[in-house]
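Chain by chain, the residues run as shown.
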Amino acid sequence: MAAMGRPEEELFEIQLESIDRELDVDLGGETLEIEFAFSRTGCRGHVRVSIEADSVTTTEIVPVAMSDLHRAFAALAEQTKGWAVEVISGG
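Bear in mind the structure is a predicted one, so any value in this text is a computation, not a measurement.

**Topic: the environment of F12**
Then step 1. Looking at the secondary structure, you find F12 in the segment before β1 (13-24).
Then step 2. Sequence separation between F12 and S39 is 27 residues; the distance between their C-alpha atoms is 5.3 Å.
Then step 3. Here F12 is in contact with F38, S39, R40 and C43, once residues within four sequence places are set aside.

Spelled out as structure tokens, the structure:
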């Protein structure tokens, strides 16, 4: 089912791929590395969100990572807004 009036082919399927705990030498502590996979027709990818391990509880890991992912993609969408090109098909 399409969300907010968007055609289904415009929607991304987003999946949680992994959560890993890693030692971050630069930060001097542990980070949580949360990886998401996303795809739709003609576009797919992976994105990794890093969170300081001691900044969240176990139940907050995924919601905080989802929120960080949203903020990153919103900023990316704003930054690349001028890149949008309308393709005119002849015929």
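**Comments concerning the nonpolar core**
Then step 1. L32, I34, F36, V49, I51, A53, V56, I61, A65 and L69 form the largest nonpolar core, which has 10 residues in total.
Then step 2. Of all the elements in the fold, those that place two or more residues in this core are β2 (29-40), β3 (43-52) and α1 (61-79).
Then step 3. Leaving out residues up to four positions away in the same chain, I61 has contacts with I19, L32, I34, I51 and V56.

Here is what the cut-offs are and how they apply
Residues take numbers from 1 onward in each chain, read along the sequence in its written order. With pLDDT at 70 or above as the cut-off, local features in this predicted model cover only qualifying residues; side-chain atom pairs require 80 or more to be listed or tallied, and sums for whole chains, interfaces and linings still use all residues. As a convention, hydrogens and water are excluded, and side-chain values are obtained from all of the structure's heavy atoms. In DSSP terms, a helix is any run of H or I states spanning at least four residues, a strand is any run of E spanning at least two, and both are numbered starting from the N terminus. Whether two residues are in contact is decided by their heavy atoms: any pair within 4.5 Å suffices. For our purposes a nonpolar core is just a set of buried Ala, Val, Leu, Ile, Met, Phe, Trp, Tyr and Cys residues, chained together by side-chain atoms within 4.5 Å. In this scheme, a residue with accessible area under 20% of its type's maximum is buried, one over 50% is exposed, and one in between is partly exposed, where area comes from a 1.4 Å probe on protein chains only.

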